[in-house]
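Coordinates in review
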Amino acid sequence: MGDLLSARETELLARVPDGLLVGGTWRDAEDGARLPVHDPATGALLKEIASATVADGVAALDAASEAFPAWAATPARERAEILRRAFDLLQERKEDVALLMTLEMGKPLAEARGEVAYGGEFLRWFSEETAHLQGRYGPNPEGTGRMIVTHHPVGPCFLITPWNFPLAMATRKIAPALAAGCTVVVKPATLTPLTTLFFARILEDAGVPAGVVNVVTTRQTGPVSEAIIRDPRLRKLSFTGSTPVGQKLLAQAADGVLRTSMELGGNAPFVVFDDADLDQAVDGAIAAKFRNIGQACTAANRFIVHRSVADEFARRVTERVQAFRTGRGTEDGVTIGPLIDDRAVAKTGELVADAVERGATLRTGGTALDRPGTFYAATVLSDVRPGSALLREEIFGPVLAIVPFDDEDEAVRLANDTEYGLVSYVFTRDLARGQRMIERLETGMMGLNVGVVSNAAAPFGGWKMSGLGREGGAEGIHEYLQTKYTLTPSPFA
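What comes next is a walk through the structure.

Here is what the cut-offs are and how they apply
- Residues numbered from 1 in each chain as written.
- Predicted model: local features only at pLDDT ≥ 70, side-chain atom pairs only at ≥ 80, totals over all residues.
- Heavy atoms only, no water.
- Axes fitted to C-alpha atoms, helices over the stretch in contact; angles between N-to-C directions.
- Helix = DSSP H or I, 4+ residues; strand = E, 2+ residues; numbered from the N terminus.
- Parallel < 35°, antiparallel > 145°, perpendicular 65-115°, else oblique.
- Left-handed = near helix turned anticlockwise from the far one by under 90°.
- Contact = heavy atoms within 4.5 Å.
- Nonpolar A, V, L, I, M, F, W, Y, C, P; charged D, E, K, R; others polar.
- Expected span 1.5 Å × (residues − 1).
- Buried < 20%, exposed > 50% of the residue type's maximum accessible area, 1.4 Å probe, protein only.
- Polar contact = N/O pair within 3.5 Å; in protein donor to acceptor, adjacent residues only side chain to side chain.
- Core = buried A, V, L, I, M, F, W, Y, C linked by side-chain atoms within 4.5 Å.
- Phe/Tyr/Trp six-rings, centres within 6.5 Å; stacked < 30°, edge-to-face > 60°.
- Lys NZ or Arg CZ within 6 Å of the ring centre and 35° of its normal.
- Pairing = 2+ DSSP bridges.

**Observations regarding the packing of helix H10 (residues 278-290) against helix H11 (residues 307-322)**
The N-to-C vectors of H10 and H11 enclose an angle of 55°; their axes lie 10 Å apart at closest approach. Our classification of the angle between H10 and H11 gives oblique. In this structure, the crossing between H10 and H11 has a hand that is right-handed. Each of Leu-278, Asp-279, Ala-281, Val-282, Asp-283, Ala-285, Ile-286 and Phe-290 in H10 lies in contact with H11, whose residues at this interface are Val-309, Glu-312, Phe-313, Arg-316, Val-317, Arg-320 and Val-321. Of the residues assigned to the contact of H10 with H11, the class counts are 10 nonpolar, no polar and five charged.

See below:
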């Protein structure tokens, strides 16, 4: 390991906690089990950390349940100031966090820095939302009483975060939960847990009380999660990940009638009309497809391009893609890092091979790279045929697939021809057409002449099989609140 890591990287990894955070104490797993974390760019072992047992998961929920009454009663301004301090500390340590994400996930360092900025905004946004919660007071229609509507923290929450955005997905869940007065148990992905552990230390330094935030890292993902979800003390489940896993978790949550937020899979259409500004559309395509090496639920999956401009669009994006530099994310100028593991490389290769066999034109890429790590070449396919697997399945890799269309109705039909409905992208100069697409596309979010839509101040979430609930925006904090209505007699009766 020492030969593959720099002195700076080795020093940073030594500062990452390697235990479970339970009730304010960092400790080993009950059975002493360990979980190795590797660099996908080199295969190097980065660190071994504690791997929680079921009993450890329940202990974390014990701590969250015990801490909940006091945290819920903590004045909103005090909770807000703690979140703001966490934001400030994250900015002070942003280079450490960015480097750590690049090491364990593989994304280029420039993108990791962007994630620190994006993830930090959830801390700042929800620190401001904390003191803005409002209820209602007023007469009932009959005039016989007064209605009081108040909002209250839902209770202990279980937050399951994915591997592709290790910081932002943690802050997007933890910040609104704490702002609302909830306590949490966080289970980061087994592939990228180090960023969450480092961030938990930042929260401690910001003054988050013991037991308010608990972190369990584990190889036993299913058993540990199920034990927490089925515990009657848990009141909220938030999950970001694949639709099949989300469906399983929803089934487990049903017995306890838990509040749930599910940010699941995507199959985003990217529609380019004949009147689009092609320079703008190409810039948007590169951002929408290749951000995070294509490993994002918001990544554009199907590029639905008007036939009259499809060849020119393909030529321009291919030219841009061929200029990419692939390598370890810490290297200068790298734009494409490794995929997360061997399974991701194999799945991407299968999808590309299937499309080519069905008649798609391979313009560039299309192969795994023969080098250490888990790299797949940035790829452009044009004339992708109906029935191709990559038109139905989430690609989660650096593959841009182009499908031609002839008119607006066909574009809408192709865009909506999926069980998913997370985000869509549309490029057109026609304002009326843009407004029609807002109405017609079946997605929870849409980028109109932009290739990146995520923002802490906006509600993030999808329709159909892409999930339930919203994260971010004014809506985000209400996912962690429950509503109470009280009727009192009229003071004038």
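**Observations regarding the environment of Thr-221**
Among the structural elements, Thr-221 can be located in helix H8 (residues 221-229). For the pair Thr-221 and Pro-188, spaced 33 residues apart in sequence, the C-alpha separation works out to 9.7 Å. Setting aside residues up to four positions removed in sequence, Thr-221 forms contacts with Lys-187 and Thr-190.

**Considerations on helix H2 (residues 54-73)**
Helix length check: H2 (20 residues) gives 30 Å between terminal C-alpha atoms against 28 Å at 1.5 Å per residue, within 8%. Those residues of H2 that fall on the buried side of the exposure criterion are Asp-56, Gly-57, Ala-59, Ala-60, Leu-61, Ala-63, Ala-64, Ser-65, Ala-67, Phe-68 and Trp-71. The opening residue of H2, the one whose side-chain oxygen lies 3.3 Å from the backbone nitrogen of Ala-55, is Thr-53.

**Details of the nonpolar core**
Residues Phe-270, Val-271, Phe-303, Phe-313, Leu-390, Leu-400 and Ile-402 are the most contacted members of the largest nonpolar core, which totals 66 residues. Here this core takes seven residues from H10, the largest share from any one element. Apart from residues no more than four positions distant in its own chain, Phe-270 is found in contact with Ala-281, Gly-284, Ala-285, Ala-288, Ala-300, Arg-302, Phe-303, Ile-304, Tyr-425 and Phe-427. With 65 residues, the next largest nonpolar core counts Ala-67, Tyr-118, Leu-159 and Leu-481 among its residues.

**With respect to the packing of aromatic side chains**
In the structure shown here, the tally under the stated rule is eight aromatic pairs. For the pair Phe-270 and Tyr-425, a centre-to-centre distance of 5.7 Å together with 35° between the ring planes defines the contact as tilted. Taken together, the positions of Phe-270 in strand E12 (residues 268-272) and Tyr-425 in strand E18 (residues 423-427) put the pair 155 residues apart, joining distant regions of the chain. The pair Phe-270 / Tyr-425 is uniform in exposure class, with both members buried. Plain terms: the ring middles of Phe-270 and Phe-427 are 4.9 Å apart, the flat faces sit at 25° to each other, and that makes the pair stacked. On the criterion of sequence distance, the pair formed by Phe-270 in strand E12 and Phe-427 in strand E18 is long-range, its members being 157 residues apart. Residues Phe-270 and Phe-427 agree in their burial class; the two are buried. Ring-pair connections join several aromatic residues into one group, and the members of that group are Phe-270, Phe-303, Phe-313, Tyr-425 and Phe-427. The side chain of Arg-172 reaches across the aromatic face of Phe-460, ending 4.0 Å from its centre. Lys-236 extends its terminal NZ or CZ atom over the ring of Tyr-480, reaching a point 4.8 Å from the ring centre.

**Digging into unusual backbone geometry**
In terms of backbone geometry, most residues other than glycine have negative phi values and most peptide bonds are trans. Non-glycine residue Asp-383 carries a positive phi angle of around 55°. Structurally, Asp-383 is set in the loop between strand E15 (379-382) and strand E16 (399-405). For Phe-396, which is not glycine, the phi dihedral falls at a positive 55°. With a relative accessible area of 21%, Phe-396 lands in the partly exposed category.

**Structural notes on the pairing of strand E3 (residues 34-38)**
Here E3 shows a buried face lined by Leu-35 and Val-37 and an unburied face lined by Arg-34, Pro-36 and His-38. Across five bridges, the pairing between E3 and strand E4 (residues 45-50) is antiparallel. By the bridge assignment, Pro-36 is partnered in E4 with Glu-48. In sequence, E3 turns back onto E4 through a hairpin of six residues, with Gly-43 there showing a positive phi of about 85°.

**Looking at the environment of Leu-351**
Structurally, the position occupied by Leu-351 is in helix H12 (residues 342-357). Along the primary structure Leu-351 and Asp-31 are separated by 320 residues, whereas in three dimensions their C-alpha atoms are 41 Å apart. Setting aside its immediate chain neighbours within four residues, Leu-351 contacts Ala-389, Leu-390, Glu-393, Glu-394 and Ile-395.

**Some remarks on H11**
Between its first and last C-alpha, H11 extends 23 Å over 16 residues, near the 22 Å set by a 1.5 Å rise per residue. When H11 is considered as a whole, its buried residues turn out to be Val-309, Ala-310, Phe-313, Ala-314, Val-317, Thr-318 and Val-321. The inward-facing, buried residues of H11 contact E12, H10, strand E13 (300-306), strand E14 (361-364), E15 and E16.

**Comments concerning the sheet that holds E15**
With respect to topology, seven strands assemble into an open sheet ordered E14-E15-E16-E13-E12-E18-E19, the strand pairing being mixed. At either margin of the open sheet sits one strand with a lone partner, and together these are E14 and strand E19 (445-448). For this sheet, the mean inter-axis angle between neighbouring strands, taken without regard to orientation, is 20°. Against the sheet, helix H13 (residues 408-416) contacts E12, E13 and E16, and its axis sits at roughly 145° relative to E16. Sheet strands in contact with helix H14 (residues 431-440) are E12, E18 and E19, and its direction is about 165° off that of E19.

**Considering the side chain of Gln-295**
Mapped onto the secondary structure, Gln-295 falls in the loop between H10 and E13. Engagement of the side chain of Gln-295 in a polar contact is seen with the backbone nitrogen of Ile-340, the distance being 3.0 Å. If we ignore the near neighbours within four places in the chain, the residues touching Gln-295 are Met-105, Trp-163, Asn-164, Phe-165, Pro-338, Leu-339, Ile-340 and Phe-396.

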